[in-house]
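# Summary of structural features
Here is how the chains run, residue by residue.
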Amino acid sequence: MRIASFEQDGHATYGVVGTDGHYTPAPAEFLARFPDLKAVIAAGALDALQAAAQASGVRLAPAQVRLLPVIPNPGKLICIGLNYKTHVAETKRPDSEHPSIFLRFADTLAAHGDEVLRPAFSERFDWEGELAFVIGTGGRHIAKDKAFDHIAGYACFNDVSVRDWQKHTHQFTPGKNFPGTGPFGPYMATRDEVPDVTKLQLQTRLNGNVVQNASVGDLIFDIPTIVNYVSRFTPLSPGDVIATGTPGGVGDRRESPLYMKHGDVVEVEITGLGILRNPIGTDPAAA
């Protein structure tokens, strides 16, 4: 099942995405019980959502909805850095015994199709295509062999980074938390749609040109390791989002650096998870 959060007639809702790209919103009585997708996941009601959507028979064309981030309101948005050897190599950082972790704020999320705004005071606006997963069943000290049981589904993510602000100090936080710089979507594929996550291929394109291309199987710290490690220091809850890191090919580390500018279009595509596409604009208020 593919699920998305979106606006219909100006009202936030969610529903099932058909293979033809049409949307079936959750019926009103279902929304009354579960006001957002995070509530559906927390209640273990994804199958009930599918049944309710099918029974409603409503179908909306893509032009009738405005997509939202898959989970617009995660309690935690956790990012794993330096998790592909190709990216570690291009940053010239040493290998690490443990995952590198930083946090994003929920208001940094953006949806498929949203214009992502570069702050006018920075030219170093960079892409980072990533696989993200959504926690379905919460827990603490989750064993590696049980990790996938705690995952609701997967989606594309773009950890857009303001590199100069990221590098003001050794802490990543400022450069990773400009508003609306974390595109997430276009939809979440439930875990049963992805029988082997290591077989997924990730590709990032800038204006149609491939800038990143890697197998998710190349992760240094795989998903069971990430779930186990993160859940050791913080409880994971339904609707929490974890982005697993980006492969080599970022613009900042090229021999001739390449950054996103006004008018560009960036796409992240992962096997079976659709294409996350965003135009790049400029935030004039940030001059």
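So, here's what we can say about the structure. (Residues numbered from 1 in each chain as written. Predicted model: local features only at pLDDT ≥ 70, side-chain atom pairs only at ≥ 80, totals over all residues. Heavy atoms only, no water.)

Let us look at the sheet that holds strand β8 (residues 116-119). In spatial order, the strands read β8-β18-β17-β14-β15; together these five strands make up an open sheet with mixed pairing. Both outer strands of the open sheet, β8 and β15 (209-215), are each paired with one neighbouring strand and no more. Neighbouring strand axes in the sheet, compared pairwise and without regard to direction, differ in orientation by 20° on average. Where β8 and strand β18 (residues 275-283) come together, four bridges link them in parallel fashion. Bridged to Arg118 within β18 is Thr282. (Pairing = 2+ DSSP bridges. Helix = DSSP H or I, 4+ residues; strand = E, 2+ residues; numbered from the N terminus. Axes fitted to C-alpha atoms, helices over the stretch in contact; angles between N-to-C directions.)

Now for the layout of surface pockets. Put simply, the largest pocket is a space of about 300 Å³. Those elements that place two or more of their residues in the lining of the largest pocket are α2 (37-42), α3 (46-56) and β11 (151-158). Among the elements that line the lining of the largest pocket, the one with the most residues is α3, at three residues. Within the lining of the largest pocket, the residues separate by chemical class into eight nonpolar, five polar and four charged. (1 Å grid on protein atoms, 1.4 Å probe; cavity = no way out; pocket = protein on both sides within 12 Å on 5 of 7 lines; lining within 4 Å. Points joined across faces, edges and corners; volume = space filled by probe spheres on them. Nonpolar A, V, L, I, M, F, W, Y, C, P; charged D, E, K, R; others polar.)

This part covers the pattern of salt bridges. All told, the structure shown has 16 salt bridges when counted by the stated rule. Close ionic contact of Asp159 with Lys176 constitutes a salt bridge, the shortest N to O distance being 2.8 Å. Remark: Lys176 occurs in the loop between α5 (163-166) and β13 (182-190) and Asp159 occurs in the loop between β11 and β12 (161-162); sequence separation between them is 17 residues. For Lys176, a relative accessible area of 1% translates into the label buried. In this structure, Arg205 and Glu267 form a salt bridge, with 3.1 Å as the shortest nitrogen-oxygen distance. Of this pair, Arg205 sits in strand β14 (residues 201-206) while Glu267 is found in strand β17 (residues 265-270), placing the two residues 62 residues apart along the sequence. Here Arg205 and Glu267 have matching classes, each one buried. Through salt bridges with shared partners, a single ionic network connects Arg104, Asp126, Glu128, Asp159, Arg163 and Lys176. (Salt bridge = Lys/Arg side-chain N within 4 Å of Asp/Glu carboxyl O. Buried < 20%, exposed > 50% of the residue type's maximum accessible area, 1.4 Å probe, protein only.)

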